[in-house]
Amino acid sequence: MELNDLQAQRLTKLERLRAKGINPFPARSNRTHTIAAALTAFETLAATGELVTLAGRIIGARRVMGKLAFTHIADDQGSIQLWLSRGEIGDELFTHFRDDLDTFDIVQVSGSLRRTQKGEISLFVKHLHVLTKALNPPPEKWEGLKDVEGRLRQRYLDLLVNEERRDIFRLRAKALIAMRRFLDERDFVEVETPILQPLYGGAAARPFTTHHNQLHQDLYLRIATELYLKRLIVGGFSGVYEIGKDFRNEGVDRSHNTEFTMMECYQAYADYRDMMLLTEQMVRFIAQEATGSTVVTYQDQAIDFGPDWARISLVEALKEATGLDVLALPDLATLWEATLAAGLKKVERKTTWAKQVDELFSTFIVPNLIQPTFVLDYPVELSPLAKRKAEDPQLTERFEVYVGGMELANAFSELNDPLDQEQRFLEQGRALAAGDDEAHQMDADYLNALMYGMPPTGGLGIGFDRLVMILTNQPTIREVILFPHLRAREEG
RNA sequence: GGGCCGGUAGCUCAGUGGUAGAGCAUCGGACUUUUAAUCCGUUGGUCGUAGGUUCGAUCCCUACCCGGCUCACCA
């Protein structure tokens, strides 16, 4: 290990501790209070003058004035000032504090709680010993650690120095618990399905591929849990859910991470209208539990999950925004001609009709969907796993939820007709052969499951990271993922 | 993948074709009520990497690496 000057100085101090017979990394600590608990109980503790033992990391500067010294220590939930007097603790301990310890070292301190003359609650130290010597120095005192790459590559330091970062992940944990509780209370069973899959499906995405050596079998990291969860509905469960990582071999941007956390749930004897109610209630509940309110601020806009969410039809919204009736323009060529004829700028030409419709939707509708909005009834070509609408077989019983201009959820009445499903897979297979590397694979075992009969079922997927982005007002997904994917850095 | 911007001390950042700068931190000294302590002094650099141009490159050029923004991709 090559050390810079500051690290070398700290190592020298560490060796000095050892030379004095002091273990710089002792196994045991025995605090009587967390810092937060000590502060809460201050009046009582100060009145009795009892000995309080705290443990924490030295943060900020050590202000040493010859015969008196101040510093602050912090643990997870609080910080407190230490007051050290050479006269009180003696030359040896005072010098030990001054010469052997550094900012970021972790110490155990005992003493009594009082206020200083300036009024700050402080621990008047009688005993002090090191619990952990820190060899790396802290970043700058006031600017802190700002460099994005530095923060993400050393998330531990980011969390340590930028305290509010820990709040994001505490809130994330609360939201996760709330999501589970909401589903558990409605008798959904939490399950775990394979991450390594011989076939991938359930979404339009390119997968990661890996290999099982012993079995000589290629495997895919799942891009969705959908097809396994619906097998469980066939298997007799009336409701199941899974919260876990999906993996998609695609680009990374502010709302996409290579691996991300998805909640999918399926409910027998429900349809997509039931799932709309479930979605509204779930997100409302999570927002309330995690933030204390159903109104959150996202990028300077108040977003209210409280009232019934707006519902718009995809086809109608496109008609309003662009004047195009995509259902009356049922192939790529005529749709593209009409797009040009309508003088619509900023629209790219796509390779399939379905993708062209999606391009129009992404360009003209999505950016304006700030408040939570259900977008209903997607063309069947875009939705190979969703049931057709009885009154219009070109469309499916499907919705997506958009919030803050971002897709948050996707749901449909699940296609349970194995013959129709087979045709959809075949159509996807033709797209795959034609070069659409995100098209679905044929899943014969899934069709076999459907042939035993899957009850009418509603399914829902929610991008959990994106929900946390909204709840914590974070502009990028990597700020709500502890260790987002970064390119490997070559060692110099 | 394209465009634009960036990478200089532990951290936050200036800067110049001619010996590399500041603040904070560190280190040494003074100091018994500090809290961005103060005062005096001090250390610290493959200037992202590799080539090229040049008498001389951290600076100019080229390629590459890493990151940011953005577009594309990603329902």
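Residues numbered from 1 in each chain as written. Chains lettered and ligands numbered in written order. Predicted model: local features only at pLDDT ≥ 70, side-chain atom pairs only at ≥ 80, totals over all residues. Heavy atoms only, no water.

A. Structural detail: the packing of helix H1 (residues 5–19) against helix H4 (residues 86–100). In the contact formed by H1 and H4, the axes pass within 10 Å of each other and the chain directions differ by 150°. As far as their axial angle goes, H4 and H1 are roughly antiparallel. Contact with H1, carried on its side by Lys13, Arg16 and Leu17, involves His96, Asp99 and Asp100 of H4 and no other residues of that element. (Axes fitted to C-alpha atoms, helices over the stretch in contact; angles between N-to-C directions. Helix = DSSP H or I, 4+ residues; strand = E, 2+ residues; numbered from the N terminus. Parallel < 35°, antiparallel > 145°, perpendicular 65-115°, else oblique. Contact = heavy atoms within 4.5 Å.)

B. Local environment of the environment of Val191. Counting through the fold element by element, Val191 comes out in the loop between strand E6 (189–190) and strand E7 (196–197). Sequence separation between Val191 and Glu242 is 51 residues; the distance between their C-alpha atoms is 5.5 Å.

C. Spatial organisation of the sheet that holds E7. Strand order in the open sheet made by the 3 strands is E7-E9-E8, with antiparallel pairing throughout. Edge positions in the sheet fall to E7 and strand E8 (209–212), since each of these pairs with one other strand and no more. (Pairing = 2+ DSSP bridges.)

D. The arrangement of the side chain of Lys389 in detail. The residue Lys389 is located in strand E16 (residues 388–389) in this model. Sequence-distant contacts of Lys389, that is, excluding residues within four places in its chain, are made with Tyr272, Asp377, Leu395, Thr396 and Glu397.

E. Quick peek at the sheet that holds strand E5 (residues 121–132). The strand order around the closed barrel built from 5 strands is E1-E2-E3-E5-E4, with neighbouring strands paired in mixed fashion. Each neighbouring strand pair of the sheet contributes to a mean axis angle of 55°, computed without reference to strand direction. Two strands pair when backbone bridges link them, and strand E3 (residues 78–85) and E5 are joined in this way by 3 bridges, in the parallel orientation. Within E5, the position partnered with Gln81 by the bridge is Ser122. Where H4 meets the sheet, it contacts strand E1 (52–64), strand E2 (68–75), E3 and E5, and its direction lies at approximately 115° from that of E3.

F. Spotlight on the environment of Ile312. Note on placement: Ile312 falls in strand E14 (residues 310–313). Judged by relative accessible area, which is 25%, Ile312 ranks as partly exposed. Sequence spacing of Ile312 and Phe399 is 87 residues, and the spatial spacing of their C-alpha atoms is 9.4 Å. Those residues in contact with Ile312, other than ones at most four positions away along the chain, are Ala317, Ile365, Leu369, Thr373, Phe374, Val375 and Leu376. (Buried < 20%, exposed > 50% of the residue type's maximum accessible area, 1.4 Å probe, protein only.)

G. Focus on the pairing of strand E13 (residues 301–304). Taken together, the 4 bridges between strand E12 (residues 295–298) and E13 define a ladder with antiparallel strand orientation. Within E13, the position partnered with Thr297 by the bridge is Ala302. Adjacent in sequence and paired antiparallel, E12 and E13 are bridged by 2 residues, among which Gln299 carries a positive phi angle near 50°.

H. Main features of the protein's contact with RNA strand B. Around RNA strand B, a shell composed of 56 residues is seen, among which Gln9, Lys118, Glu149, His256 and Lys350 lie nearest. Among all atoms of RNA strand B positioned within 4 Å of the protein, those belonging to sugar or phosphate total 68%. At 3.4 Å, a backbone N or O of Met65 approaches a phosphate oxygen of RNA strand B. In the environment of RNA strand B, a phosphate oxygen lies 2.3 Å from a nitrogen or oxygen atom belonging to the backbone of Ala204. Examining the composition of the surface near RNA strand B, we find that 4 residues originate from one element, H1, more than from any other. (Near = heavy atom within 4 Å. Polar contact = N/O pair within 3.5 Å; in protein donor to acceptor, adjacent residues only side chain to side chain.)

I. Structural context of helix H9 (residues 272–291). With 20 residues, H9 should cover 28 Å at 1.5 Å per step; its first-to-last C-alpha distance of 28 Å lies within 8% of that length. Those residues of H9 that sit buried are Tyr272, Met275, Met276, Leu278, Thr279, Glu280, Met282, Val283, Ile286, Ala287 and Ala290. One or two steps after H9, the chain reaches Gly292, where phi turns positive at roughly 85°. (Expected span 1.5 Å × (residues − 1).)

J. Geometry of the domain arrangement of chain A. The domain architecture assigned to chain A consists of domain 1 (5–138) and domain 2 (158–309 + 371–480). Contacts between the two partners involve 5 residues from domain 1, matched on the other side by 4 residues from domain 2. Both faces considered, domain 1 and domain 2 share a buried interface measuring about 340 Å² in area, 45% of it formed by carbon and sulfur atoms. Counting the surface domain 1 buries against domain 2, the share from its top three residues, Arg57, Asp76 and Phe104, is 78%. Viewed at the interface, domain 2 and domain 1 are joined by 2 salt bridges. (Domains from an automatic or database assignment. Buried area = accessible area lost by both parts, 1.4 Å probe. Salt bridge = Lys/Arg side-chain N within 4 Å of Asp/Glu carboxyl O.)

K. Here's a closer look at the nonpolar core. Ranked by internal contacts, the top residues of the largest apolar core, which has 50 residues, are Met179, Met263, Met282, Phe305, Phe399, Leu460 and Leu471. A total of 9 residues in this core trace back to one element, the largest contributor, which is H9. Phe305 has contacts with Val283, Arg284, Ala287, Thr294, Val296, Pro372, Val403, Ile470 and Leu471, leaving out every residue within four places of it along the chain. (Core = buried A, V, L, I, M, F, W, Y, C linked by side-chain atoms within 4.5 Å.)

L. Local environment of the packing of aromatic side chains. Per the stated rule, a full pass over the model turns up 9 aromatic pairs. For the pair Phe305 and Trp309, a centre-to-centre distance of 5.9 Å together with 55° between the ring planes defines the contact as tilted. Residue Phe305 shares its accessibility class with Trp309, and that shared class is buried. Geometrically, the ring pair formed by Phe425 and Tyr446 is edge-to-face, given 6.4 Å between the ring centres and 75° between the ring planes. Of this pair, Phe425 sits in helix H13 (residues 418–433) while Tyr446 is found in helix H14 (residues 444–451), placing the two residues 21 residues apart along the sequence. For Phe425, a relative accessible area of 1% gives the class buried. One aromatic cluster is present, built from ring pairs that chain together Phe305, Trp309, Phe374 and Phe399. (Phe/Tyr/Trp six-rings, centres within 6.5 Å; stacked < 30°, edge-to-face > 60°.)

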